[in-house]
Amino acid sequence: VLSVAFLVIIASALISSNYTIGNEKVVLRWGIVRNTVKLNEVKTLKLCTDTNKLEFIFEDDTYFTIVIKSEEYERFIDEIKKVKPTVSYIQGETE
């Protein structure tokens, strides 16, 4: 029963993954799983060049990692910076 539920969650995440950038937050959806990132708490966006993932680095130096299509990086970062211009953007390897 658990393996069937797990497969349903994975399948729905693969079929329906998206993000929405709003005035105060980014809402990330992977199937039925939803995460919210409050932009007022983000200080840096980091493109991890070794893993090809984006990290939201928060004011308290914690972070949240996301995966989006590499073709979307520039647009995604531009949209975040429109909402919160003080967010810095860096590239580097995962620490």
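Attention here is on the structure that accompanies the text. This structure is a prediction, so every number in the text was calculated from the model and none was measured. (Residues numbered from 1 in each chain as written. Predicted model: local features only at pLDDT ≥ 70, side-chain atom pairs only at ≥ 80, totals over all residues. Heavy atoms only, no water.)

Let us now look at the sheet that holds strand S6 (residues 63-66). In spatial order, the strands read S6-S5-S4-S7; together these four strands make up an open sheet with mixed pairing. The sheet is open, and its two edges are formed by S6 and strand S7 (88-92), each paired on a single side. Neighbour-to-neighbour, the strand axes of the sheet open up by a mean angle of 25 degrees, direction not taken into account. Sheet analysis places strand S4 (residues 42-48) next to S7, joined by five bridges and oriented parallel. Bridge pairing links Leu45 to Tyr89 in S7. Helix-sheet contacts for helix H2 (residues 73-83) involve S4, strand S5 (53-58), S6 and S7, and the interaxial angle to S5 is about 20 degrees. (Pairing = 2+ DSSP bridges. Helix = DSSP H or I, 4+ residues; strand = E, 2+ residues; numbered from the N terminus. Axes fitted to C-alpha atoms, helices over the stretch in contact; angles between N-to-C directions. Contact = heavy atoms within 4.5 Å.)

Time to look at the sheet that holds strand S1 (residues 17-21). The three strands lie next to each other as S1-S2-S3, forming an open sheet whose pairing is antiparallel. Of all strands in the sheet, those with a lone pairing partner are S1 and strand S3 (33-38), marking the two edges. Strand after strand, the sheet turns through a mean of 15 degrees between neighbouring axes, direction not considered. Inspection of the sheet shows strand S2 (residues 25-30) paired to S3 by six bridges, in the antiparallel sense. Along S3, the bridge assignment pairs Val26 with Val37. Here H2 sits on the sheet in contact with S1 and S2, set at roughly 30 degrees to S1.

Bringing the packing of aromatic side chains into the picture now. Inspection of the entire model under this criterion finds two aromatic pairs. A centroid spacing of 4.8 Å and a plane angle of 85 degrees characterise the contact between Tyr19 and Phe76, whose relative ring orientation is edge-to-face. Residue Tyr19 is found in strand S1, and its partner Phe76 is found in helix H2; the two are separated by 57 residues along the sequence. Of the residues examined, Phe76 reaches a relative accessible area of 0% and is grouped as buried. Between Phe56 and Phe76 the ring centres are 6.1 Å apart and the planes differ by 70 degrees, which places this aromatic pair in the edge-to-face class. Here Phe76 lies in helix H2 and Phe56 lies in strand S5, a separation of 20 residues in the sequence. Each of the two residues, Phe56 as well as Phe76, counts as buried. One aromatic cluster is present, built from ring pairs that chain together Tyr19, Phe56 and Phe76. (Phe/Tyr/Trp six-rings, centres within 6.5 Å; stacked < 30°, edge-to-face > 60°. Buried < 20%, exposed > 50% of the residue type's maximum accessible area, 1.4 Å probe, protein only.)

Any link to function would need more than the numbers given here.
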